[in-house]
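Chain by chain, the residues:
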Amino acid sequence: MPPSPVFLTLPISRFLGEPYSFLSIDYQQGTATVDHRFSENLQLRSSLSVQSSFDNNVYTQADGDLEADGRTAPRSNIVNRNRRNEDYSWQTDLIGKFNTGSIAHQLLLGFELRRNTDINPNFFGGDIAPIDIFNPVYGARPTGTVVPRIFGTRIFTTGVYLQDQVTLLSNLKLLVGGRYDFVFSDNSAKIGDANTTNSNFYDSAFSPRVGLVYQPIEPISLYAS
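So, here is what we can say about the structure in this document. (Residues numbered from 1 in each chain as written. Predicted model: local features only at pLDDT ≥ 70, side-chain atom pairs only at ≥ 80, totals over all residues. Heavy atoms only, no water.)

## Considering the overall build of the protein chain
Turning to step 1, where the next piece is worked out: Across its full length, the protein chain carries zero helices and eight strands.
Turning to step 2, where the next piece is worked out: Mapped from its N terminus to its C terminus, the protein chain presents α and β elements in the order β-β-β-β-β-β-β-β.
Turning to step 3, where the next piece is worked out: For 225 residues, the compact-globule formula gives about 17 Å, and the C-alpha radius of gyration of the protein chain, at 26 Å, lies well above that figure.
Turning to step 4, where the next piece is worked out: Projected onto its principal axes, the C-alpha positions of the protein chain cover 75 × 40 × 30 Å.
Turning to step 5, where the next piece is worked out: Taken across its 225 residues, the protein chain has 28% of its residues classed as buried.
Turning to step 6, where the next piece is worked out: Taking the contacts inside the protein chain whose residues are at least 6 apart along the sequence as the reference set, 64% of them involve residues at least 24 apart.
Turning to step 7, where the next piece is worked out: Each charge class in the protein chain can be summarised by its mean position, and for the 18 positive and 22 negative side chains these summaries are 3 Å apart. (Helix = DSSP H or I, 4+ residues; strand = E, 2+ residues; numbered from the N terminus. Rg over C-alpha atoms; globule rule 2.2 N^0.38 Å. Buried < 20%, exposed > 50% of the residue type's maximum accessible area, 1.4 Å probe, protein only. Contact = heavy atoms within 4.5 Å. Lys, Arg positive; Asp, Glu negative; His and termini not counted. Charge placed at Lys NZ, Arg CZ, Asp CG, Glu CD.)

What follows is the structure, given as structure tokens:
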């Protein structure tokens, strides 16, 4: 529903589409993990995850502002055919344990690579009659021009991180770390007979992490982060 306060007054079961709407999703997921211990103090953990989905759906949605009467919502009809989404993620951590004097450390160094591809060939399925959001009447059918559209997005993410979990006392632990992420996005769109348009986006950011856990007695942990 559009972001208008009046929609918050509707019952959660209110449906503003049409009964012919449907959604079909074929979803697959697989994960492979390798965990190797070189010694008591050095461990490697690596995981590869693959997810893919294909979906087909037809739906009518309310979009735009309400008409002047404050109760009639304009709608559009959308048809998605063979939308494909693939997500690949590889994360590897190297974990080492050592002491500096009486202070114990658990150091973690890792990186994460991820690629997400979304290809969405759909249609603007024509105009459809608006609907009264307080007293909906169903049965309208779409009319007008059907416009084919193809949207494509590829997102590449790389993250590197380092953290140290320090045991200062038997009941006091400190966690200090940071992660740096790089994100690149490649987008394309083709609507009707128009030429394909492309756009790119790049950004990077650093995320610090600090946490402290104190156990005054064994069953109680007080923490801040």
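## A look at empty space enclosed by the protein
Turning to step 1, where the next piece is worked out: Scanning all chains against the criterion turns up one cavity of 30 Å³ or more.
Turning to step 2, where the next piece is worked out: If you add up the space inside the largest cavity, you get close to 40 Å³.
Turning to step 3, where the next piece is worked out: As for the largest cavity, its lining consists of Arg37, Ser39, Glu40, Asn41, Leu42, Gln43, Ile95 and Lys97.
Turning to step 4, where the next piece is worked out: Every element with two or more residues in the lining of the largest cavity is listed here: strand S1 (22–39), strand S2 (42–62) and strand S3 (72–100). (1 Å grid on protein atoms, 1.4 Å probe; cavity = no way out; pocket = protein on both sides within 12 Å on 5 of 7 lines; lining within 4 Å. Points joined across faces, edges and corners; volume = space filled by probe spheres on them.)

## Looking at the packing of aromatic side chains
Turning to step 1, where the next piece is worked out: Per the counting criterion, the structure on display carries five aromatic pairs.
Turning to step 2, where the next piece is worked out: Among the aromatic residues, those joined into a cluster by ring pairs are Tyr180, Phe182 and Phe206. (Phe/Tyr/Trp six-rings, centres within 6.5 Å; stacked < 30°, edge-to-face > 60°.)

## Focus on the pairing of strand S8 (residues 220–224)
Turning to step 1, where the next piece is worked out: Across four bridges, the pairing between strand S7 (residues 197–217) and S8 is antiparallel. Bridge pairing links isoleucine 217 to isoleucine 220 in S8.
Turning to step 2, where the next piece is worked out: Taking the residues that link successive antiparallel strands as the turn, the S7-S8 hairpin has two residues. (Pairing = 2+ DSSP bridges.)

## Overview of the side chain of glutamine 163
Turning to step 1, where the next piece is worked out: Relative to the elements of secondary structure, glutamine 163 occurs in strand S5 (residues 147–169).
Turning to step 2, where the next piece is worked out: Separated by 3.0 Å, the side chains of glutamine 163 and arginine 209 make a polar contact.
Turning to step 3, where the next piece is worked out: Here glutamine 163 is in contact with Gln106, Leu107, Leu108, Leu175, Val176, Gly177 and Arg209, once residues within four sequence places are set aside. (Polar contact = N/O pair within 3.5 Å; in protein donor to acceptor, adjacent residues only side chain to side chain.)

## Side note on the pattern of salt bridges
Turning to step 1, where the next piece is worked out: On inspection of all chains with the given rule, the structure shows nine salt bridges.
Turning to step 2, where the next piece is worked out: Across the pair aspartate 118 and arginine 83 runs a salt bridge whose closest N-O atoms are separated by 3.2 Å. In this pair, aspartate 118 sits in strand S4 (residues 103–132) while arginine 83 sits in strand S3, placing the two residues 35 residues apart along the sequence.
Turning to step 3, where the next piece is worked out: Here arginine 114 ties to aspartate 87 by a salt bridge, and the two come within 3.0 Å at their closest N and O atoms. Of this pair, arginine 114 sits in strand S4 while aspartate 87 sits in strand S3, and the two are 27 residues apart along the sequence.
Turning to step 4, where the next piece is worked out: Since its relative accessible area comes to 42%, arginine 114 is described here as partly exposed.
Turning to step 5, where the next piece is worked out: Several salt bridges share partner residues, and in doing so they unite Glu112, Arg179 and Asp181 into one network. (Salt bridge = Lys/Arg side-chain N within 4 Å of Asp/Glu carboxyl O.)

Nothing here speaks to function; it is all geometry.
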